[in-house]
Amino acid sequence: MASELYNTIDALSREKGIDPQIVVSAVEDAIVMATRKYYKTQENLRAVLDKETGKINAYAVKTVVETPEQVEDPVLQITLEDARKADPNLEVGGELRIPKVTEGILGRIAAQLAKQVIFQKVREAERDTVYNEYIGRVGEVVNATVKRVEGPDVIFDIGKAEARMPRKEQSRLESFAIGERVRVVIARVEKASKGPGVVVSRAVPDLVQHLFQTEVPEIYDGTVVIRAIAREAGERTKIAVMSKDKDVDAVGACVGMKGMRVQSIIRELHGEKIDIIEYHEDAVTFAEKALQPAKVSKVTVVDSGGKHLEVVVDDSQLSLAIGKKGQNVRLAAKLLGWKIDIKSEEEKRQEVEQQMSAMVPQTATPLESVPGLGEGLVEKLGAAGITTVEALADMTPEQLEAIEGIGPKTVEKISLAVNNYFASLEQDSAAEEGAAVEGVAAGEVAEGEAATTELTEAGAEDITAEIAVVGEEASSEVSDPASEAAAEPQAIGADENEGQAESSDEPSEEKSASETRE
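Below is a summary of the structure that appears in this document. Just so we're clear, the structure is a prediction, and the values are computed from it rather than from any experiment.

### Some points on the sheet that holds strand β10 (residues 224–232)
By way of backbone hydrogen bonds, the strands of a sheet pair with one another, either parallel or antiparallel.
Here is step 1 of the chain: One open sheet accounts for 3 strands, arranged β10-β11-β12; its pairing is mixed. The open sheet is flanked by β10 and β12 (273–278), the only strands paired with a single partner. Taking each pair of neighbouring strands and ignoring which way they run, the sheet shows an average axis angle of 20°.
Here is step 2 of the chain: Looking at chain direction, β10 and strand β11 (residues 236–243) are connected through 8 bridges and run antiparallel. From the neighbouring strand, valine 225 faces β11, where its bridge partner is methionine 242.
Here is step 3 of the chain: Each of β11 and β12 is contacted by helix α9 (residues 283–290), which is oriented at about 155° to β12, the strand it contacts most.

Here it is, written out as structure tokens:
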């Protein structure tokens, strides 16, 4: 029958979930340390627990050698001849146990030392057992009960061990009460930690994924797949989902009827906002979806190898796309795995203008071209590294006064000379433009006169040609019937004679008639 001490060791082992032999070894080591401290010896001590009686016997162990010449340390070694005086059955290489009296001589200090050793050994054994138990369960969601609060850390009871939740693994929206049951994720297992070796978290994306698998049957059976999750605990979570069945809406399945499914998850996370986005293989389309609720004007792939996108939004949508403290674009970048640069349309326009202006070669006008600057002033400016009118015009009065030998009056002189120089350039350009306009007008007038001249000449030629044609036709008409006209005079004359005869006959008739009346 086992002794009372061994029964106590066995009960402790079952409570801590460790091997009873580990506790027995801890007790034996404690007795060895107490015995060594009492006897103040460097002998090789060993203790053995008798399970039946519960008595712990301590021994000094010496190794048996054959001859006295082989004895290097009398404290640790003994010759075969001397060893057989105590035990005739010993051989070379064996061990001689010399009993050490411990009963009644180990006092309170030795007992306290033994207690510390036992507790240390038990804690190490317990830590190893917990490590081996939970090292393969990292990332698993478990139910835990709040056991106590130690400063910023919360200690949970997860069954066989205690778990610790640091402040950075907690959501800022959550607070815990003693005895409250919550779901936590096993983040990591630390073997060398002083406190609980299991570290749990409620801030990792795995918790959101587990909650969706619990609440959405389509995710649990694999019809809808979660492709990516980006989370900032206590603030916002973006989750990208994809349906393997064309008849199943992935986003609608996660939201549920009237939002019941997603609202249940939000309550579990104490009000954390959740954006559910449909996943796309195309990074451009996926980026437009990921930046919701902002409306994107244009998405451009800057570097496909480096995964770099440039997004252009309307000026009114810029703050919405960036989000509070950059949260929206930061989560979208985590969700895509791409670097995202957001610009407004005005910023993009200015950037394009700068690129276009950079392509135009910049003129450099030497200072000697400014009439109002003397040779000495030009030399001073050149010594300061200012050799062009453009560089001089970009400098402020304070920068000019910082140059040695230039004071406020000189600055005024430089400003007046530069202004006059640019004013003269503007006048020259205006004059050139005016001359160009006058030249264009004169050219137009000349072209008009030339056109009129051409028109006049063309008209004269046409009229002359027409007159010539008409004259020819008229002459031909006159010349053609010439013979007829020559042949007709006789007829005409005959007709005339006939007319004359007729006219002469009439008076004769009238004359005869008058004569008759008489």
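Picking up after the structure, the text goes on.
### Concerning the pattern of salt bridges
Here is step 1 of the chain: One pass over the structure, following the stated rule, counts 27 salt bridges.
Here is step 2 of the chain: With a closest N to O distance of 3.2 Å, arginine 84 and glutamate 91 form a salt bridge.
Here is step 3 of the chain: Take glutamate 91: its relative accessible area is 48%, and that puts it in the partly exposed class.
Here is step 4 of the chain: Among the ionic pairs, arginine 188 bridges to glutamate 169, the shortest N-O distance being 3.7 Å.

### Section: the nonpolar core
Here is step 1 of the chain: Grouped together as the largest cluster of nonpolar side chains are 25 residues, with contacts concentrated most on Phe286, Val311, Leu335, Leu336, Ile340 and Ile342.
Here is step 2 of the chain: Elements with a minimum of two residues in this core: β10, α9, β14 (308–313), α10 (318–322), α11 (327–336) and β15 (339–344).
Here is step 3 of the chain: Excluding anything up to four places from it in sequence, phenylalanine 286 contacts Ala240, Ile277, Glu278, Tyr279, His280, Leu335 and Leu336.
Here is step 4 of the chain: Among the nonpolar cores identified, the runner-up in size contains 21 residues, and Val185, Ile219, Ile226 and Ile265 belong to it.

### Concerning the side chain of glutamine 317
Here is step 1 of the chain: On the secondary structure map, glutamine 317 appears in the loop between β14 and α10.
Here is step 2 of the chain: Excluding anything up to four places from it in sequence, glutamine 317 contacts Pro293, Ala294 and Lys295.

### Some points on helix α2 (residues 20–39)
Here is step 1 of the chain: Between its first and last C-alpha atoms α2 spans 29 Å; for 20 residues at 1.5 Å apiece the expected length is 28 Å, and the two agree.
Here is step 2 of the chain: Positive phi shows up at lysine 40, right after α2, with a value of about 50°.

### Considerations on the sheet that holds strand β5 (residues 141–150)
Here is step 1 of the chain: A barrel is described by the order of its strands in space; here 5 strands give the closed sequence β5-β6-β7-β9-β8, paired in mixed fashion. For this sheet, the mean angle separating the axes of adjacent strands, direction not counted, is 55°.
Here is step 2 of the chain: Strands in contact with helix α5 (residues 205–215) are β5 and β8 (181–189); relative to β8, the strand with the most contacts, it is inclined by about 135°.

### Focus on the pairing of β5
Here is step 1 of the chain: As judged from the 5 bridges shared by β5 and β8, these two strands associate in the antiparallel manner. Bridging from a neighbouring strand, asparagine 143 pairs with arginine 183 of β8.
Here is step 2 of the chain: Note that β5 and strand β6 (residues 153–157) share 5 bridges and pair antiparallel. From the neighbouring strand, threonine 145 faces β6, where its bridge partner is aspartate 157.

Quick notes on the rules
Residues numbered from 1 in each chain as written. Predicted model: local features only at pLDDT ≥ 70, side-chain atom pairs only at ≥ 80, totals over all residues. Heavy atoms only, no water. Pairing = 2+ DSSP bridges. Helix = DSSP H or I, 4+ residues; strand = E, 2+ residues; numbered from the N terminus. Axes fitted to C-alpha atoms, helices over the stretch in contact; angles between N-to-C directions. Contact = heavy atoms within 4.5 Å. Salt bridge = Lys/Arg side-chain N within 4 Å of Asp/Glu carboxyl O. Buried < 20%, exposed > 50% of the residue type's maximum accessible area, 1.4 Å probe, protein only. Core = buried A, V, L, I, M, F, W, Y, C linked by side-chain atoms within 4.5 Å. Expected span 1.5 Å × (residues − 1).

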